[in-house]
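Secondary and tertiary structure notes
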Amino acid sequence: MPTNIASVDDKLKIPEHIAIIMDGNGRWAQAQGKGRVAGHKAGVNSVRAVVKGARKAGVKALTLFAFSSENWQRPEQEVSVLMDLFMYVLTKEVKRLHKNNICFKVIGDLSRFSDKLQKSIRKSEQLTADNTELVLSVAANYGGRWDITNAAKQLATQVQDNEISLDDITENSLNEHTCLAKLPPLDLLIRTGGDYRISNFLLWQAAYAEFYFTEVLWPDFDEKAFEKAIEVFDQRERRFGKTGEQVK
Ligand code: IPE
Ligand code: IPE
Ligand code: MG
């Protein structure tokens, strides 16, 4: 069912697919004299804000980096809180997402998560599978290198089983086996928290994405901050290898 929320600014060029590296939770908490975990909890509000902002703007796909394949190296207690928080969000928030016609997906190597968490993820994905307003993908135990390796493995298996030939391995066929292949190409990659790196996020998908870095720490990133990123995107000239004159 289409929802009637006013669009951000009718004249703006809206990215179809936005991804966010939600960074800075720990520093936000420390700045307030709290433990890092408080920052992760506060970060959930920012997730709600950007989902709302994305719907308002008419974005088709929003992909959020919640836990990287490298984040297992953090102190055990922090990892365990992040898992609990993930479980909590799945049980509490997914119903609301469903009500808002949002399709929820998790990307990443889920095999390392507890059975309970995996089951809850599958259930949430099934519940929201047919929703059409926005595709919200949460990257958990995700790594860009893993994504590409995984796609290569799937193609290699098909060659081994004589289902395809070596020549069938193309950029397009490899792309089809990466996460997010069914979504529009990534237009805008946002990173909060003041660092200027990709931290093994969407390496393949970011080939022609616009990058937007902000000092704002994730728990402080609100709807206004999200709208600002869209406004900056609107000002960018995307040339895809062509000259400025060609794309004018
Ligand atoms: C991002 O915030 C959340 C996760 C990586 C899970 P951080 O926890 O990395 O916060 P900082 O970068 O230490 O401030
Ligand atoms: C990237 O943040 C991962 C997520 C936001 C989930 P990190 O805090 O793990 O990145 P680095 O370690 O600073 O590169
Ligand atoms: Mg960080």
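Our subject is the structure listed above.
Residues numbered from 1 in each chain as written. Chains lettered and ligands numbered in written order. Predicted model: local features only at pLDDT ≥ 70, side-chain atom pairs only at ≥ 80, totals over all residues. Heavy atoms only, no water.

Some remarks on the nonpolar core
If you look at the biggest cluster of nonpolar residues, it comprises 41 residues, and the most contacted ones within it are I18, I20, L62, I190 and F226. Sort the elements by how many residues they give to this core and helix α3 (residues 76–99) lands first, with eight residues. The residues touching I20, leaving out its near neighbours within four places in the chain, are V50, L62, T63, L64, F65, L189, I190, F201, W218 and F226. F65, A139, A206 and A209 belong to the second largest nonpolar core, which has 18 residues in total. (Core = buried A, V, L, I, M, F, W, Y, C linked by side-chain atoms within 4.5 Å. Buried < 20%, exposed > 50% of the residue type's maximum accessible area, 1.4 Å probe, protein only. Helix = DSSP H or I, 4+ residues; strand = E, 2+ residues; numbered from the N terminus. Contact = heavy atoms within 4.5 Å.)

Details of the packing of aromatic side chains
One pass over the structure, following the stated rule, counts eleven aromatic pairs. With 6.2 Å between their ring centres and 85 degrees between their planes, F65 and Y142 make a pair best called edge-to-face. Placement of F65 in strand β2 (residues 61–68) and of Y142 in strand β4 (residues 134–142) is noted, with a sequence separation of 77 residues between them. For F65, a relative accessible area of 7% puts it in the buried group. On the accessibility criterion, Y142 (0% relative accessible area) is buried. Measuring from centroid to centroid gives 6.0 Å for Y142 and W146, while their planes differ by 80 degrees, and the two rings are edge-to-face. Overall, the relative accessible area of 25% leaves W146 in the partly exposed class. Aromatic rings pair up to connect F65, Y142, W146 and F201 into one cluster. Above the ring of F233, the side-chain terminus of K13 is found at 5.5 Å from the ring centroid. The ring of W72 carries the charged tip of R112 above its face, separated from the ring centre by 4.1 Å. (Phe/Tyr/Trp six-rings, centres within 6.5 Å; stacked < 30°, edge-to-face > 60°. Lys NZ or Arg CZ within 6 Å of the ring centre and 35° of its normal.)

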